[in-house]
Amino acid sequence: MPKTILVTGAAGFIGPVFIQKLLEETDYNIIVVDCLTYAARVENGSSLSLKMVVDLLREKQGSAIDKRYTFIDSDIRSPHIKNIIETNKVDYLINLAAESHVDRSIDGTPEFILTEMLGTHNLLEIIRKNNSENNDKIERAIFVSTDEVYGSIDRMSGYEGERWHALSDAEVSTLIDKYKFTEQTPFSGGSPYASCKGGADLLVGSYYNTFKWNNVTGNVDSTRMPLMITHCVNNFGPFQHPEKLIPMAICTLLMPQVENCKRKIPVYDDGLAVREWIHSEDHVSAIMGVLNGGSIGESYNIGSGIRCRNWQMLKIIFEACKKEAAENGFGSLAEAAFDASRRGGMVRPGHDLCYAADSAKIHDDSKIHWQLKHVKDFEKEIIKVVNWYKQNPDWWKQTWTSPEFTSYWNRKYKKIQETNTEPFDFYSKYKEQLKTTL
Ligand code: NAD
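Our subject in this report is the structure included herewith. The numbering scheme is per chain: residues are counted from 1 as the chain's sequence reads. Under the rules for a predicted model, residues below a pLDDT of 70 receive no local features and side-chain atom pairs below 80 are neither given nor counted, while totals for whole chains, interfaces and linings still include all residues. In computing side-chain properties, one takes all heavy atoms of the structure into account and sets aside hydrogens as well as water.

Looking now at the pattern of salt bridges. Salt bridge, as used here: a side-chain nitrogen of Lys or Arg that lies within 4 Å of a carboxyl oxygen of Asp or Glu. Going through the model one piece at a time under the given rule, you end up with 24 salt bridges. Of the charged contacts, one joins D221 and R224 as a salt bridge, the two residues approaching to 3.8 Å between their closest N and O atoms. No difference in accessibility class separates D221 from R224, as the two residues are buried. A salt bridge links K384 to E381; the shortest N-O distance between them is 3.7 Å. In this pair, K384 and E381 both sit in helix α16 (residues 378–391), three residues apart, roughly one turn of the helix. Members of the salt-bridge network, linked through shared partners, are K51, D55, R58 and D66. Type-normalised accessible area, obtained with a 1.4 Å probe on protein chains alone, sets the label of each residue: buried when under 20%, exposed when over 50%, and partly exposed for intermediate values. Each helix is a run of DSSP H or I of at least 4 residues and each strand a run of E of at least 2, with the numbering of both proceeding from the N terminus.

See the structure below:
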C-alpha cells in the first residue's frame, strides 16, 4: 500500500523540486497544502511552479500521476488540516510552509510570527492528538528549517561590521573552521525571520520532549511525536522568487531594457558577506534521506561546504549574462550588466555576515545515506540557473514587472540608490580577482 505524504508550503521555491522528486522516485500519494502567499508564483488561482512540475511528469509518466497528486489551498494555521490528515490517513508530514523572505521580516514581523509559531503549533497539536487517539498514526514528520537560527559567525567571533570587512579570505576561513554551526550551537537568530524559525524549532523540540512519553507505561514511545528538524544553508536553483539575491541579479541583468524595471542590483555590505550555498535538489534529497533514515527526535544540519562571498557569486552571474550578451549581439545588455553592478550603499539592519554549517552528522549517517550531486563545478551550476531564468521568462517577468513587486523594490532600494552620491562599483573593484572558494 503506497504511503501518503502531506507537504505544506510546497508552492514556493523548494517545494516544487521536492514534489518533482516524490513524483519521480516514489509511489507515494502526495497532498500539497499551501495558502499561496506572494512567495508562490500564482496563475489562474493556482501554483504555476507546481503546474510546470506536474505537467512535465505527466508527459513522462502519463495521467496516472493525477491520481497521486492533490493540491489544497489552505493555511497551516487552519483547523481544516486535521480533517485533511484524518481523511487521507497521512503517513508522513513535511512542513516547508514559512514566511521566508528575510528583508520582509524586517519590514514587518507579525506574519512571520503567525505562520512560523502559530502554524507550527497547529501542526504539532494535530500530530499530538492524532498519534495518541487514532490508530492511523503519522509515522514521521520533518520540520524544515534554516541554519540562520544559529546566528552569524561575524557576531559569534566578535568581528561585526567594519571589522568583518577588513578580514582577508584566509582569516575568514580560520573563523569558519572555529565557529561553523553544529547541531549543538545555541540559537541566536539575527533577523526576525531567523528568530521566528528558531522559535518554531524550539517549539518542535519541546513537543518532542514533553509528549514522547507513553502515559500508561511511562516509557518513551517513538510513535507519539515522530518529529525531526533540518537546518539547511542557503539554497540556489530554479523557481526562486526574484526578490532573493541570485534571481534578483539574474532578472536585473536579463531585463534591463524595460524602463520601469531599470534596476540596479542591491548588494549589502559591499558583497563581503559569506554564504554557504546548496542546490535545492541536494536539499530535497537530504530531506528524503532524513525521512527514510533519520532518527526521531534529532535535528540535522544540511550543508554543501561551498562557501563564497556574495560578490564572488554575483561575478559568476555577471560573466554568464555578459557572455550571452556578446553571443547574441546585445551590446546594450552587457553595458547594462556593467551599469547594474554599480550599486548605491545598501545596508540591511543587522545583516548577518557569515553563515557556515558543519554537516558531518548527516554526511556520516549511513542510514540516511545522503550524497551531494551538485557540488563538482559550482560555477557551472550557477550558470545552469541563469539559463533556467533565460528559458522561463514567463515564470518571472510577470512578478518582476508587477505593481506589487515594483512598489516593494522602490520602497526598499530605489531612493537609497538614487540619493547615494558615491556609488560603490564592486565589479571594477573585484574584476581582476579570481573566484575563490573559501
Ligand atoms: P518560500 O518562501 O519560497 O515558500 C514558502 C511557501 O509557503 C509559499 O508557497 C507560501 O505560499 C507558503 N506559505 C506561507 N505561509 C503559509 C501558511 N501559513 N500556510 C500554508 N502555506 C504557507 O520558501 P522556500 O525557500 O521554498 O523554503 C521552504 C522552507 O525551507 C522554509 O521553511 C524555509 O525556512 C526553509 N529554508 C529555505 C532555505 C532557502 O534558501 N530558501 C534555506 C533553508 C531553509
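The next thing to look at is the sheet that holds strand β1 (residues 4–8). Here we have seven strands laid out as an open sheet, ordered β5-β2-β1-β6-β7-β8-β11, and parallel in their pairing. The outermost strands of the open sheet, each flanked by one partner alone, are β5 (69–73) and β11 (299–302). Along the sheet, successive strands turn relative to each other by an average axial angle of 20°, direction set aside. Looking at chain direction, strand β8 (residues 227–232) and β11 are connected through four bridges and run parallel. Its bridge partner being in β11, I229 is matched across the sheet by S299. Against the sheet, helix α4 (residues 80–88) contacts β1, β2 (29–34), β5 and β6 (92–95), and its axis sits at roughly 175° relative to β2. Note: two strands are recorded as paired if DSSP finds a minimum of 2 bridges between them. In this analysis an axis means a line fitted to C-alpha atoms, helices contributing only their contacting stretch, and an angle means the value between N-to-C directions, from 0 to 180 degrees. Two residues form a contact once any of their heavy atoms are found within 4.5 Å.

The subject of this paragraph is the site of the ligand. We call a residue near a molecule or strand when any one of its heavy atoms sits within 4 Å of it. Surveying the vicinity of the ligand reveals 30 residues, the closest of which are D34, S100, Y193, K197 and N235. We define a polar contact as two N or O atoms separated by no more than 3.5 Å, with the added condition that, inside protein, one atom must be a possible hydrogen donor and the other a possible acceptor, whereas residues neighbouring each other in sequence contribute only through side-chain atom pairs. A distance of 3.0 Å separates an oxygen atom of the ligand from a polar atom in the backbone of G12. Within the side chain of Y193, a nitrogen or oxygen atom sits 2.7 Å from an oxygen atom of the ligand. Mapped by element, the contributors of at least two residues to the shell around the ligand are β7 (140–146), α10 (192–211) and β9 (234–236). Counting residues per element, the shell around the ligand draws most heavily on β7, at three residues. Here the nonpolar group is Ala, Val, Leu, Ile, Met, Phe, Trp, Tyr, Cys and Pro; Asp, Glu, Lys and Arg are the charged ones; every other residue, Gly included, is treated as polar. Per-class residue counts for the shell around the ligand are 15 nonpolar, 11 polar and four charged.

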